[in-house]
Amino acid sequence: MLGNLVVDVKRNLRKLIFEKTLKLGLAYSQLFKTQELIHLSVDNVEQLEVYFGGFLTQFYYCIVSSFILFFSIAYFNLKIAFILLGFSLAIPLSLYIILNKVKKVQKKYFAKYMNVGTLFLDSLQGLTTLKIYGTDEKREKEIAKMSEEFRIETMKVLKMQPFRAGTSRSSPR
């Protein structure tokens, strides 16, 4: 049920993005880079599933289960119930703090992703011009440098996700 809802929401969001782009006409290129639109309609929409399907449900589960634990233990010992409530509510709070740090790293990651993608796309579209003016080697070095910066940011993001869903450390890659 939730899976169908998430699929419908993602489809509708992509449709709205497409319709808005059509309404803007050629003006969209003044407001957005092509790479930004692709990123918005593909990657960002997919991230919504992770957020709503995973994080939010777990976050609220932590809070609700904390209060259930509190009321269950409070019947027997109020002091211990308050101590457990404090520790159990610290879990969602720590998740929130960690997620803010992750958000900062991911923001840098997506900025590098957009930069390297845009430069690559611009280079492909203007390859003839680059060749004519002999600046293709300079552009190649720019792309290599930006790709290396993107690789470093990618490694930072991957270090923050040691146990990604659906994979295990022992499985061959």
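Here, the structure is the one placed above.
Right, let's walk through the structure included here. As the structure is a prediction and not an experimental result, all values here were calculated from the model.

**Observations concerning the overall build of the protein**
- Helices and strands together make up the secondary structure of the protein, namely six helices and zero strands.
- Reading the protein from its N end, one meets helices and strands in the order α-α-α-α-α-α.
- Taken across its 173 residues, the protein has 20% of its residues classed as buried.
- Sequence-distant contacts, at least 24 apart, represent 60% of the contacts inside the protein between residues at least 6 apart.

**Observations concerning the environment of Leu-16**
- Relative to the helices and strands, Leu-16 is located in helix 1 (residues 2-24).
- Residue classification places Leu-16 among the exposed residues on the basis of a relative accessible area of 52%.
- Between the C-alpha atom of Leu-16 and that of Ser-41, which follows or precedes it by 25 residues, the distance is 9.5 Å.

**Some words on the packing of helix 4 (residues 78-125) against helix 6 (residues 136-159)**
- Put simply, helix 4 and helix 6 touch, their axes get as near as 9 Å, and they point 155° apart. Comparing their axes, helix 6 and helix 4 come out roughly antiparallel. As for the relative orientation of helix 4 and helix 6, their crossing is left-handed in sense. Across from Val-105, Gln-106, Lys-108, Tyr-109, Lys-112, Tyr-113, Asn-115, Val-116, Leu-119, Phe-120, Asp-122 and Ser-123 in helix 4, the residues of helix 6 making contact are Arg-139, Glu-142, Ile-143, Met-146, Ser-147, Glu-149, Phe-150, Glu-153, Thr-154, Lys-156 and Val-157.
- Its residues placed into classes, the contact of helix 4 with helix 6 shows ten nonpolar, five polar and eight charged.

**Comments concerning the side chain of Glu-153**
- One can find Glu-153 in helix 6.
- A relative accessible area of 5% places Glu-153 in the buried class.
- Leaving out residues up to four positions away in the same chain, Glu-153 has contacts with Val-105, Lys-108, Tyr-109 and Lys-112.

The rules behind each value
- Starting afresh in each chain, residues are numbered from 1 along the sequence in its written order.
- In keeping with the model being predicted, local features are shown solely for residues with a pLDDT of at least 70 and side-chain atom pairs are shown and tallied solely at 80 or more, while totals for entire chains, interfaces and linings include all residues.
- To get the side-chain values, all heavy atoms of the structure are used, and hydrogens and water are removed first.
- Only DSSP runs of H or I reaching four residues or more are called helices, and only runs of E reaching two or more are called strands; each is numbered from the N terminus.
- Think of it in three bands: with a 1.4 Å probe and only protein chains considered, a residue is buried below 20% of the maximum accessible area for its type, exposed above 50%, and partly exposed in between.
- Contact definition: two residues touch when any of their heavy atoms are within 4.5 Å.
- Here an axis means a line fitted to C-alpha atoms, over the contact stretch when the element is a helix, while the angle between two N-to-C directions is reported on a 0 to 180 degree scale.
- Put simply, angles under 35 degrees are roughly parallel, angles over 145 are roughly antiparallel, angles from 65 to 115 are roughly perpendicular, and the rest are oblique.
- With the far helix as reference, a near helix turned anticlockwise by less than a right angle produces a left-handed crossing, and one turned clockwise produces a right-handed crossing.
- The nonpolar class holds Ala, Val, Leu, Ile, Met, Phe, Trp, Tyr, Cys and Pro. Asp, Glu, Lys and Arg form the charged class, and all remaining residues, Gly among them, are polar.

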